[in-house]
Amino acid sequence: MSAVVRASSESPGPAGATLREIGERIAALTAGHRQTRWVDGMGVFSSSTPTRPLGTISHPAVSLVAQGAKRSILADRTFEYRAGDYLVVALDLPLTSQVVSASPEEPFQAFSMPLDAAVIAQLLIETRHSPVPDGMPLAVSPAAPEVLDPVLRLLRLLDSPADRHVLEDSVRREIHWRLLTGPQGGLVRQIGMADGRIALVARAIGWIKAHFDLPMRVQDLADEVHVSVATLNRHFRAATTLSPLQYQKRLRLQHARARLLSGAGSAASVAREVGYDSASQFSREYGRLFGEPPGRDVDRLRSSPVSVDDAMPAPRPAR
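Let us look at the structure shown here.

Let's shift gears to the packing of aromatic side chains. In this structure the tally under the stated criterion is 5 aromatic pairs. Taking 5.4 Å as the distance between ring centres and 65 degrees as the angle between the ring planes, the aromatic pair formed by Tyr276 and Phe282 counts as edge-to-face. In this structure an aromatic cluster arises from ring pairing among Tyr276, Phe282, Tyr286 and Phe290. Looking at Arg252, its charged tip hangs above the ring of Tyr276, at a distance of 5.9 Å from the centre. Here Arg257 stacks its cationic end above the ring of Phe290, 3.8 Å away from the centre of that ring.

Here it is, written out as structure tokens:
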């Protein structure tokens, strides 16, 4: 049976005005944009209609909903978050997500920001921290005023380039700190720690991302992260719900989708670019993951509101 995870309570009343202004600024930034707009490393997205479920590889980030509601599914667990809630993701995870509440009168509005492991690690060095729980690498919580306030200030800085140059880094650091000291602090800590399960899986994922288009032996990957194959498989599946080979396949298909959306080539040529020897196998596996063959899937994405982080992977690491 699928488990549904929701934020435990509504956002505090006094935060309502802050949340409204965040939504207004998102609306202004996304006007005329059907996909996520990235502004100085911040993602803003708005949709006046619900969206269809879309498979994606997420990235370590915090996502705050200012209006409407969204649903993300990892294996048999469903995470629901709505206005005033935030989602923290600690790993590159295979999620299926969709906007479930949106209308022209009250469009879905969301803000996202990548989480920086180096910033978190520095904060951990400077402060005492409690042991890290061994749980799911994503969670939802209501956003306290202490989280909403720096998010709003970060958006306001876009109106003042001179202030942004001086203050932006400190505001981003404050957001990391508020998450680190909030209800999902244990999860955020895992992003910045050099040891532990999340760090091990993150190293393995980094290697797969750098070599996703090449044949992979799990033994080579285990050697790369200095653990046994059994340990790698156990931790990798616990964190991502996939084996390393399944994850590589998912990543190949996500990159193929991004290439096709950008018009970079035909399905056959893109299949070769991401490591497939057989175009028919590529088409079968693409349809199995995304629900439709490459051509129809890309046509659908181009005609629908799509959060770009739900459709495309992050830039490929340098080898």
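Having seen the structure, we can now continue with the description.
To summarise the sheet geometry, strands pair through backbone hydrogen bonds and adopt either a parallel or an antiparallel arrangement. Taken in spatial order, the 6 strands make up an open sheet running 2-3-10-5-8-11, and their pairing is antiparallel. Each edge of the sheet is formed by a strand with only one pairing partner; in this case those strands are strand 2 (37-39) and strand 11 (138-142). Strand after strand, the sheet turns through a mean of 20 degrees between neighbouring axes, direction not considered. Here strand 2 pairs with strand 3 (residues 42-47) via 3 bridges, running antiparallel. Residue pairing for strand 3: Val39 is matched across the bridge by Met42.

Two strands pair when backbone bridges link them, and strand 6 (residues 69-74) and strand 7 (residues 77-82) are joined in this way by 6 bridges, in the antiparallel orientation. Across the sheet, Ala69 pairs through a bridge with Arg82, a residue of strand 7. The antiparallel pairing of strand 6 with strand 7 creates a hairpin that spans 2 residues between the two strands, and Ala75 there sits at a positive phi of about 55 degrees. With 5 bridges joining them, strand 6 and strand 9 (residues 94-101) adopt antiparallel strand pairing. Note on strand 9: the bridge partner recorded for Arg71 is Gln98.

At a closest axis distance of 10 Å, the pairing of helix 6 (residues 197-210) and helix 9 (residues 244-261) adopts a crossing angle of 45 degrees. Classified by the interaxial angle, the pair formed by helix 6 and helix 9 is oblique. For the pair helix 6 and helix 9, the crossing hand works out as right-handed. Between helix 6 and helix 9, the residues in contact are Ile205, Ile208 and Lys209 and Pro244, Tyr247, Gln248 and Leu251, respectively.

What follows deals with the side chain of Glu168. Mapped onto the elements, Glu168 comes out in helix 4 (residues 161-180). Among the polar contacts made by the side chain of Glu168, one reaches the side chain of Arg172 at a distance of 2.9 Å. Among residues more than four places away in sequence, those in contact with Glu168 are Asp40, Leu154, Leu157 and Asp163.

In this section: the environment of Leu157. Among the structural elements, Leu157 can be located in the loop between helix 3 (145-156) and helix 4. By relative accessible area, Leu157 is classed as buried at 8%. Considered as a pair, Leu157 and Leu167 are 10 residues apart in the sequence and their alpha carbons are 8.1 Å apart. Other than its neighbours up to four places away in sequence, Leu157 contacts Asp163, Arg164, Leu167, Glu168 and Val171.

For the rest of this paragraph, the subject is the packing of helix 11 (residues 279-290) against helix 12 (residues 294-302). In the contact formed by helix 11 and helix 12, the axes pass within 9 Å of each other and the chain directions differ by 40 degrees. When the axes of helix 11 and helix 12 are compared, the pair comes out oblique. Residues Phe282, Ser283, Tyr286 and Phe290 of helix 11 form the contact with helix 12, whose own contacting residues are Pro294, Asp297, Val298 and Arg300. Grouping the constituent residues of the contact of helix 11 with helix 12 by class yields 5 nonpolar, 1 polar and 2 charged.

Along the polypeptide, His211 turns up in the loop between helix 6 and helix 7 (218-225). For His211, a relative accessible area of 25% corresponds to the partly exposed category. For the pair His211 and Val274, spaced 63 residues apart in sequence, the C-alpha to C-alpha distance is 9.8 Å.

Cut-off values and rules
Residues numbered from 1 in each chain as written. Predicted model: local features only at pLDDT ≥ 70, side-chain atom pairs only at ≥ 80, totals over all residues. Heavy atoms only, no water. Phe/Tyr/Trp six-rings, centres within 6.5 Å; stacked < 30°, edge-to-face > 60°. Lys NZ or Arg CZ within 6 Å of the ring centre and 35° of its normal. Pairing = 2+ DSSP bridges. Helix = DSSP H or I, 4+ residues; strand = E, 2+ residues; numbered from the N terminus. Axes fitted to C-alpha atoms, helices over the stretch in contact; angles between N-to-C directions. Parallel < 35°, antiparallel > 145°, perpendicular 65-115°, else oblique. Left-handed = near helix turned anticlockwise from the far one by under 90°. Contact = heavy atoms within 4.5 Å. Polar contact = N/O pair within 3.5 Å; in protein donor to acceptor, adjacent residues only side chain to side chain. Buried < 20%, exposed > 50% of the residue type's maximum accessible area, 1.4 Å probe, protein only. Nonpolar A, V, L, I, M, F, W, Y, C, P; charged D, E, K, R; others polar.

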